[in-house]
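# Summary of structural features
If you want the building blocks of each chain, they are given just below.
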Amino acid sequence: MDVAYVVATVLAAAAALLAAGIDVVRAEWVRTNMRDYGVPYSWLTPLTVVKAVGGAGLLVGLAVPQIGVVAAAGLVVYFVGAELTVLRARQYAHIGYPLPYLALAAASLGFALAS
């Protein structure tokens, strides 16, 4: 197993799980951003679950590569959707927030597919 793949995957998993944890505590800034982006507050729990399952799936993927590929692809789609949501809401100052998460998930996916 490639060291770069492991590092990218562990970092991507940690980032996704951290983001899910922030959502679990219902941070005020998260609720404010959701309102500003036009995302219903009722979507917070399902979106949190997607991030948590994706992060956990990345870690499981270190042992079962197919699960890691699916988890990484799911997180890439999730964070592309987050970027599109920010753009749709015209919150251009927030465009950079999902990018590190997207980059880590994409790196994990790229390394997983290359190995």
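Thresholds applied
Residues numbered from 1 in each chain as written. Predicted model: local features only at pLDDT ≥ 70, side-chain atom pairs only at ≥ 80, totals over all residues. Heavy atoms only, no water. UniProt positions renumbered as here; feature names shortened; annotations may be inferred. Core = buried A, V, L, I, M, F, W, Y, C linked by side-chain atoms within 4.5 Å. Buried < 20%, exposed > 50% of the residue type's maximum accessible area, 1.4 Å probe, protein only. Helix = DSSP H or I, 4+ residues; strand = E, 2+ residues; numbered from the N terminus. Contact = heavy atoms within 4.5 Å. Polar contact = N/O pair within 3.5 Å; in protein donor to acceptor, adjacent residues only side chain to side chain. Patch = residues over 30% accessible without salt bridge, like charges linked within 9 Å, V, L, I, M, F, W, Y side chains within 5 Å. Areas by Shrake-Rupley, 256 points an atom, 1.4 Å probe, with all protein chains shown as cover. Salt bridge = Lys/Arg side-chain N within 4 Å of Asp/Glu carboxyl O. Axes fitted to C-alpha atoms, helices over the stretch in contact; angles between N-to-C directions. Parallel < 35°, antiparallel > 145°, perpendicular 65-115°, else oblique. Left-handed = near helix turned anticlockwise from the far one by under 90°. Nonpolar A, V, L, I, M, F, W, Y, C, P; charged D, E, K, R; others polar.

The name given to the protein chain in an unreviewed UniProt entry is DoxX family protein, with Nocardia abscessus as the source organism. You can read under Subcellular location (unreviewed entry) in the UniProt record for the protein chain the words "Membrane".

### Focus on the nonpolar core
Core analysis: the largest hydrophobic core is formed by 17 residues, its most contacted members being Leu58, Leu75, Val76, Phe79 and Tyr101. Elements with a contribution of two residues or more to this core: helix 1 (3-24), helix 4 (65-88) and helix 5 (99-114). For this core, the leading source of residues is helix 4, giving seven residues. Not counting the four nearest positions on each side in its chain, leucine 58 is found in contact with Thr9, Ala12, Ala13, Gly68, Ala71, Ala72, Leu75 and Ser108.

### Here's the deal with the side chain of aspartate 23
You can see aspartate 23 is positioned in helix 1. In this structure aspartate 23 comes out as buried when scored by relative accessible area, which is 5%. Of the polar contacts made by the side chain of aspartate 23, one reaches the side chain of lysine 51; its length is 2.4 Å. In this view, aspartate 23 contacts Val30, Leu44, Thr48 and Lys51; residues no more than four positions away in its chain are not counted.

### Here we look at a nonpolar patch on the surface
Taken together, the side chains of Val80, Leu84, Leu87 and Tyr92 define a hydrophobic patch exposed on the protein surface, amounting to about 380 Å² of accessible area. Summarising the element assignment, leucine 87 is placed in helix 4.

### Considerations on unusual backbone geometry
Unlike most non-glycine residues, arginine 26 shows phi in positive territory, near 55 degrees. Within the element layout of this structure, arginine 26 appears in the loop between helix 1 and helix 2 (28-37). Here arginine 26 falls in the partly exposed class, since its relative accessible area comes to 28%. The backbone of arginine 90 sits at a positive phi, close to 60 degrees, despite the residue not being glycine. Note that arginine 90 resides in the loop between helix 4 and helix 5.

### Let's talk about the packing of helix 4 against helix 5
At their nearest, the axes of helix 4 and helix 5 sit 8 Å apart, and the two run at 150 degrees to each other. Overall, the two elements helix 4 and helix 5 adopt an arrangement that is roughly antiparallel. Pair helix 4 / helix 5 crosses with left-handed handedness. The residues of helix 5 that touch helix 4, namely those facing Val69, Ala72, Ala73, Leu75, Val76, Phe79, Val80 and Glu83, are Leu99, Tyr101, Leu102, Ala105, Ala106, Ser108, Leu109, Ala112 and Leu113. Its residues assigned to classes, the contact of helix 4 with helix 5 comprises 15 nonpolar, one polar and one charged.

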